[in-house]
Amino acid sequence: MMTDEEKLNFYKSEYLGPAFVEFVGFRCPKNLQVFLETKAMIEGRDRSQIIRRLLTRACEEEGFDRDAV
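Residue indices begin from 1 for each chain and proceed along its sequence in written order. Reporting of local features is limited, given that this is a predicted model, to residues whose pLDDT is at least 70; pairs of side-chain atoms are given and counted only at 80 or more, and all residues count toward the totals for whole chains, interfaces and linings. Water and hydrogen atoms were dropped before computing side-chain values, which therefore reflect all heavy atoms in the structure.

1. Some remarks on the overall build of the protein
A helix here means a DSSP run of H or I that spans at least four residues, while a strand means a run of E at least two residues long, and both kinds are numbered starting from the N terminus. Secondary structure assignment for the protein yields 3 helices and 0 strands. In the protein, the order of α-helices and β-strands from amino to carboxyl end is α-α-α. Principal axes of the C-alpha set define a box for the protein whose edges measure 35 × 25 × 20 Å. Any residue under 20% of the maximum accessible area for its type is buried, any over 50% is exposed, and the rest in between are partly exposed; the area is computed with a 1.4 Å probe on protein chains only. Counting every position in the protein, which comprises 69 residues, the buried fraction comes to 19%.

Spelled out as structure tokens, the structure:
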């Protein structure tokens, strides 16, 4: 689980990192959608920011390097 400081650092890094160039949409079960919407409301963020943060973290566990060019 990320601390509030780690979350804030992640969101700040989005402004300095590579530009968003692609829209990726996906279907998810209702309970996941409710979870994502709730997290977005709690953190005061857009749902897409929450999805990027959670997806990036999971992908890093699988070997993704977000700092690679």
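2. Describing the pattern of salt bridges
When a carboxyl oxygen of Asp or Glu lies within 4 Å of a side-chain nitrogen of Lys or Arg, that pair is called a salt bridge. Taken as a whole and judged by the stated rule, the model has 6 salt bridges. A salt bridge links Arg52 to Glu14; the shortest N-O distance between them is 2.5 Å. Taken together, the residues span a long stretch of sequence, with Arg52 in helix H3 (residues 47-61) and Glu14 in helix H1 (residues 4-16) at a distance of 38 residues. For Glu14, a relative accessible area of 16% gives the class buried. With a shortest N-O distance of 3.9 Å, Lys39 and Glu43 are connected by a salt bridge.

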